[in-house]
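Listed below are the residues making up each chain.
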Amino acid sequence: MSIPAGRHFLQIPGPSNVPDRVLRAMDMPTMDHRGPEFAQLTHEVLNGLKQVFKTSADVIIFPASGTGAWESALVNTLSPGDRVLMFETGHFATLWQGIAKDLGLEVDFVPGDWRHGVDPDAVAAKLSADEKHEIRAVMVVHNETSTGVTSQISKIREAIDSTGHPALFMVDTISSLASIDYRHDEWGVDVTVGGSQKGLMLPPGLSFNAISAKALQASKTAALPSSYWNWQAMIKANATGYFPYTPATNLLYALRESLKMLLDEQGLDKVFARHQRHAEATRRAVRAWGLEILCLNPEEYSGSLTAILLPDGHDADRLRQVILERYNMSLGTGLGKVQGRVFRIGHLGDFNDLMLAGTLCGVEMGLSVAQIPFSKGGVNAALDYLADNL
Ligand SMILES: *Cc1c(COP(=O)(O)O)cnc(C)c1O
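Residues numbered from 1 in each chain as written. Predicted model: local features only at pLDDT ≥ 70, side-chain atom pairs only at ≥ 80, totals over all residues. Heavy atoms only, no water.

Let's shift gears to empty space enclosed by the protein. Scanning all chains against the criterion turns up three cavities of 30 Å³ or more. In terms of lining, the largest cavity is formed by T147, G148, R283, I293, L294, C295, Y301, S302, L305, T306 and A307. In terms of residue count, the dominant contributor to the lining of the largest cavity is strand β12 (residues 305–309) (three residues). (1 Å grid on protein atoms, 1.4 Å probe; cavity = no way out; pocket = protein on both sides within 12 Å on 5 of 7 lines; lining within 4 Å. Points joined across faces, edges and corners; volume = space filled by probe spheres on them. Helix = DSSP H or I, 4+ residues; strand = E, 2+ residues; numbered from the N terminus.)

Below, the structure is given as structure tokens:
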């Protein structure tokens, strides 16, 4: 096997590129997680995370992939047979729905076309029809990573409020947190689910729940069994700076470093603007190529990634394979229903103009090599946009 020269381009929409200084922050002796220095680290990362979630309430860190934090949100707040409302925005919404079913919840899964986000009017209609308030929770994926569609959480909150329905509101921000504007408190979210390996620029292995007072209240009577995921034990230990079981110590060093970059050095608003700018440049490239953006509603375009449809009869995974072999770049595969039809460009996390330019060059050359019908000039359209919009 030959080893390619130069850097690999990891342009999947998560795990994203980890900055060298974050990797160096992890390269430290593991410390005693019950020792005196550890509490300082815990308090620092929890305080930083609250700023990222925009909450003054509790945030919890699990040594787990995002899927664990999904499960935690459900087992801490709900009881067997509870009704929940979910929307088929794409692959990740479908997976979360699967967990809810596995846990014995009764899911009303509203079908979708994988090209739109959650329709606030549909949320209002479903909740209004539920006169007896049997629906216990509404669960939404903020940024659907399989489609590049971002649902409008504040509008969904307004829709819930317009009905006066008391359901809990849970949001998956695994691919939006620290990439796309998100406000746990202001948008009245009860449980926000997050993960380390996308906008937070960390390796996989940590996931989060941000919890409202209402969700914490619900956790006191929730009857689904929980042990590893139990919030009460975690919150109690965290208050003193510790964890009920071994935390992922070295990933917490990495988290401390990435929070410093996001909050103290770059600033979240600038980070969000950078993501939107790279997303727009990418879309200009796609349009110039004559290809189709999967997301149909411009108000729901994702800042984290762009999913691109290939013309009928062309295999997106073959294009990805050509690009990997020739240019040493990984692009996101089509997931679930859109497998083989779309590929995804991740433009999230630790990313800049020249990395985007390199990424788009790899795609444009790959389209030629794979003999997919397209027009040249996508890269130029993106570069013009970047140069004109500093
Ligand atoms: C990546 C992702 C997940 C899955 O997280 P894992 O860490 O793979 O368990 C869930 N939801 C969304 C929106 C994601 O992007």
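Take the site of the ligand next. By nearness alone, 13 residues border the ligand, and S65, T67, T145, D172 and K198 come closest of all. Between G66 and the ligand, the recorded distance is 2.8 Å, taken from a backbone N or O atom to an oxygen atom. At 2.7 Å from an oxygen atom of the ligand is found a side-chain nitrogen or oxygen belonging to Q197. Here the ligand loses 88% of its free accessible area of 380 Å² to cover by the protein chains. The dominant element in the shell around the ligand, judged by the number of residues it contributes, is helix α3 (residues 66–77), at three residues. For the shell around the ligand, a count of residues per class yields four nonpolar, seven polar and two charged. (Near = heavy atom within 4 Å. Polar contact = N/O pair within 3.5 Å; in protein donor to acceptor, adjacent residues only side chain to side chain. Areas by Shrake-Rupley, 256 points an atom, 1.4 Å probe, with all protein chains shown as cover. Nonpolar A, V, L, I, M, F, W, Y, C, P; charged D, E, K, R; others polar.)

Here we come to the pairing of strand β9 (residues 191–195). Among the five residues of β9, five are classified as buried, and the element is accordingly described as predominantly covered. In β9, alternate side chains face the same way, and those of V191, V193 and G195 on one face and T192 and G194 on the other are all buried. In the sheet, strand β8 (residues 168–172) pairs with β9 via three bridges, with the strands oriented parallel. Looking across to β9, one finds that M170 is bridged to V191. Bridge analysis of β9 against strand β10 (residues 207–211) gives five bridges, and the strand direction is antiparallel. (Buried < 20%, exposed > 50% of the residue type's maximum accessible area, 1.4 Å probe, protein only. Pairing = 2+ DSSP bridges.)

This paragraph deals with the environment of P373. You can see P373 is positioned in the loop between α12 (353–369) and α13 (378–388). Not counting chain neighbours up to four residues away, the residues in contact with P373 comprise L291, P311 and H314. (Contact = heavy atoms within 4.5 Å.)

For the rest of this paragraph, the subject is the domain arrangement of the chain. The parts lose accessible area when they come together, and the size of an interface is often stated as this lost area. When the domains of the chain are assigned, the result is domain 1 (9–16 + 266–388) and domain 2 (20–263). Distance from the C-alpha centre of domain 1 to the C-alpha centre of domain 2: 27 Å. Contacts between the two partners involve 34 residues from domain 1 and, on the opposite side, 36 residues from domain 2. Interface area for domain 1 against domain 2, summed over the two sides, is near 2800 Å², with a carbon-plus-sulfur share of 55%. Remark: the boundary between domain 1 and domain 2 carries three salt bridges. Across the pair E88 and K337 runs a salt bridge, and its minimum N-O distance is 2.6 Å. Where domain 1 packs against domain 2, one counts 16 residue pairs in polar contact (both at pLDDT 80 or more). Of all the secondary structure elements, the ones that give two or more residues to the side of domain 1 that touches domain 2 are α10 (268–289), β11 (292–293) and β12. (Domains from an automatic or database assignment. Buried area = accessible area lost by both parts, 1.4 Å probe. Salt bridge = Lys/Arg side-chain N within 4 Å of Asp/Glu carboxyl O.)

Across the sheet, three strands lie side by side as β11-β12-β14; this open sheet has antiparallel pairing. Of all strands in the sheet, those with a lone pairing partner are β11 and β14 (342–346), marking the two edges. In this sheet, β12 lies alongside β11 in antiparallel orientation, the contact comprising two bridges. Looking at β12, one finds that I293 is bridged to I308.

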